[in-house]
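Descriptive analysis of the structure
What follows is the residue order along each chain.
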Amino acid sequence: MTTDRQRHWDEIYTGKPPERLGWYRPQLETPIAWIRELGLTRDAGLLDVGAGASTLIDDLVAAGFENLAALDISAQALAITRKRLGDSADRVNWIVGDITTVLLPAEAYALWHDRAVFHFLTDDGDRAAYLARLERSLKPRGHALIGVFAPEAPPTCSGLPVRRYSLDDLVATLGPGFRLELDRKELHVTPGGVEQMYLYAQFRRRASAPAR
């Protein structure tokens, strides 16, 4: 059954080519640099949440990672990336699903990457569902790289409201089970010329997570 949320994102990805979408970047430089610095093994499980038509998966495939998963609510978005990768698409586990309801394996991933999904979750229940999946599927001492709109960013994106985060807000939202390791702000300019300030933060899941 297709939900309104799925329908919205399928229409976005069928209505414009990826390079004209507001969040498009030819390469996600900050996440790629941070991932490289982690020194993960090639067989480490890496999950890209809201992978869409982003080139991050392309870069991870090129870097030799062998246990990749790309998740997006839009099958149309993932189809774009699969086509672009050609034969290399077989090296990725493609998951079509809503991050607030999808079933993910327990402690399967050493890295959880999300650029521009979490800030669309303006409902408390949706955020709780997201965090429950993050806590279930990320290995103890695994890494979470999350990119969200900073307070300076616009209050909407792609026709939807977003929740903007200061660093303190994001740290508090993830809770005591995660330790902040890196953070930076990065100005993104959309293909239409709109300025969006992103906050990137890298967290490490504690080996023994305190109760939320």
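Residues numbered from 1 in each chain as written. Predicted model: local features only at pLDDT ≥ 70, side-chain atom pairs only at ≥ 80, totals over all residues. Heavy atoms only, no water.

**Points about the pattern of salt bridges**
- Scanning the model with the defined rule gives 9 salt bridges in all.
- Here Arg5 ties to Asp98 by a salt bridge, and the two come within 3.0 Å at their closest N and O atoms. Of this pair, Arg5 sits in helix H1 (residues 4-15) while Asp98 sits in the loop between strand S3 (92-96) and strand S4 (109-115), placing them 93 residues apart in sequence.
- Look at Asp98 and you get buried, because its relative accessible area is 14%.
- In this structure, the salt-bridge partner of Arg184 is Glu186, at a minimum N-O distance of 4.0 Å.
- Here Arg184 falls in the partly exposed class, since its relative accessible area comes to 39%.
- In this structure Glu186 comes out as buried when scored by relative accessible area, which is 11%.
- The network of salt bridges with common partners includes Arg5, Asp98 and Asp126. (Salt bridge = Lys/Arg side-chain N within 4 Å of Asp/Glu carboxyl O. Helix = DSSP H or I, 4+ residues; strand = E, 2+ residues; numbered from the N terminus. Buried < 20%, exposed > 50% of the residue type's maximum accessible area, 1.4 Å probe, protein only.)

**Comments concerning the pairing of strand S9 (residues 195-205)**
- Taken across its 11 residues, S9 has 9 buried, putting it largely inside the fold.
- Pairing geometry for strand S5 (residues 138-149) and S9, over 7 bridges, is antiparallel. Within the sheet, the bridge partner assigned to Leu145 lies in S9 and is Gln202.
- Following strand S8 (residues 178-189), the chain reverses through 5 residues before pairing antiparallel with S9; Gly193 in that reversal takes a positive phi of roughly 90°. (Pairing = 2+ DSSP bridges.)

**A word on the sheet that holds S8**
- What the 7 strands build is an open sheet, ordered S3-S2-S1-S4-S5-S9-S8; its pairing is mixed. Two strands in the sheet have a free side with no partner beyond their single neighbour: S3 and S8. Between one strand axis and the next, the sheet turns by 15° as a mean value, whatever way the strands run.
- Where S8 and S9 come together, 11 bridges link them in antiparallel fashion. Of the residues in S9, the one forming a bridge with Leu180 is Phe203. (Axes fitted to C-alpha atoms, helices over the stretch in contact; angles between N-to-C directions.)

**Observations concerning the packing of aromatic side chains**
- Evaluation of the coordinates by the stated rule reveals 6 aromatic pairs.
- Seen in terms of ring centroids, Tyr198 and Tyr200 are 6.1 Å apart; in terms of plane orientation they differ by 20°. Their pairing is stacked. Each member of the pair, Tyr198 together with Tyr200, is buried.
- Here the aromatic cluster, defined as three or more aromatic residues joined through ring pairs, consists of Trp112, Phe118, Tyr130 and Tyr165. (Phe/Tyr/Trp six-rings, centres within 6.5 Å; stacked < 30°, edge-to-face > 60°.)

**Looking at the environment of Pro191**
- Mapped onto the secondary structure, Pro191 falls in the loop between S8 and S9.
- The class of Pro191 is partly exposed, set by a relative accessible area of 44%.
- For the pair Pro191 and Trp23, spaced 168 residues apart in sequence, the C-alpha to C-alpha distance is 8.3 Å.
- When residues no more than four places from it in sequence are discounted, the contact partners of Pro191 are Glu19, Arg20, Leu21 and Gly22. (Contact = heavy atoms within 4.5 Å.)

**Looking at helix H4 (residues 75-85)**
- Among the residues of H4, Ala77, Leu78, Thr81 and Leu85 are the ones counted as buried. Within H4, the buried residues cover an arc of 90° as seen down the axis, which keeps them to one side.
- Backbone nitrogen of Gln76 and a side-chain oxygen of the N-cap are separated by 3.3 Å at the start of H4; the cap is Ser74. (Arc of directions from axis to C-beta. Polar contact = N/O pair within 3.5 Å; in protein donor to acceptor, adjacent residues only side chain to side chain.)

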